[in-house]
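Residues per chain, in single letters:
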Amino acid sequence: VASHTTVPVHWTPTHEELIGCHHSQNGFLLEKMHSPARFDQEVIAAVEKLIPSRDGRFQLDVVATITWGHPHLPRSN
C-alpha cells in the first residue's frame, strides 16, 4: 500500500459550483434527496460560517490524498 498527497491548489468556487460538487457524489444525488433545496441552503450556511465567501466565491485550498494497493481477500472461516 502506498499513498501520495497533492500540494494545495487554490480553488474559488461559486455557491452553485460547490453545491454541484456535493450533488455529484453518490450519497448526495438529487434523485435520492427529500428536499434538495433545503440541503443546498444548509450546506452553504455551514460553509459560510467557516469560510465566508467574497464576491460570491469561496476561497479554498484543496488537497487530496490518493492511496493505492491490493485489496485484502476475505478470510474464510
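That block above? That's the structure.
Presented here is a report on the structure given in the accompanying data block. (Residues numbered from 1 in each chain as written. Predicted model: local features only at pLDDT ≥ 70, side-chain atom pairs only at ≥ 80, totals over all residues. Heavy atoms only, no water.)

Digging into the environment of Asp61
Formally: Going along the chain from the N terminus, every DSSP run of H or I of four or more residues is numbered as a helix, and every run of E of two or more is numbered as a strand. Whenever two N or O atoms come within 3.5 Å, that pair is a polar contact, provided that in protein one can donate a hydrogen and the other can accept it, and provided that, for residues adjacent in sequence, both atoms are side-chain atoms.
Locating Asp61 in the fold gives a position in strand E3 (residues 60-62). Note: C-alpha distance between Asp61 and Val7 (54 residues apart in sequence) is 9.3 Å. At 3.2 Å, the side chain of Asp61 forms a polar contact with the side chain of His10.

What about the side chain of His23?
Using the following cut-off: Throughout this description, buried means an accessible area under 20% of the type-specific maximum (1.4 Å probe, protein chains only), exposed means over 50%, and partly exposed covers the range between. Contact definition: two residues touch when any of their heavy atoms are within 4.5 Å.
Along the chain, His23 turns up in helix H1 (residues 15-23). What makes His23 buried here is its relative accessible area of 12%. Beyond its immediate chain neighbours, meaning those up to four positions away, His23 contacts Phe28, Leu29, Leu30, Met33, Phe39 and Asp40.

Remarks on helix H2 (residues 36-50)
Filter applied, for reference: Working rule for helices: expected span equals 1.5 Å times residues minus one. Note that the arc is computed from the directions linking the helix axis to the C-beta atoms.
Counted at 1.5 Å a residue, the expected span for H2 with its 15 residues is 21 Å, and the 22 Å between its end C-alpha atoms agrees. Every buried residue of H2 is listed here: Phe39, Val43, Ile44 and Val47. The buried residues of H2 all sit within an arc of 125° when viewed along its axis, so they share a single face. Opposite the buried face of H2, at more than 90 degrees from it, the exposed residues are Arg38, Gln41 and Lys49. Looking at the buried side of H2, the elements it contacts are H1.

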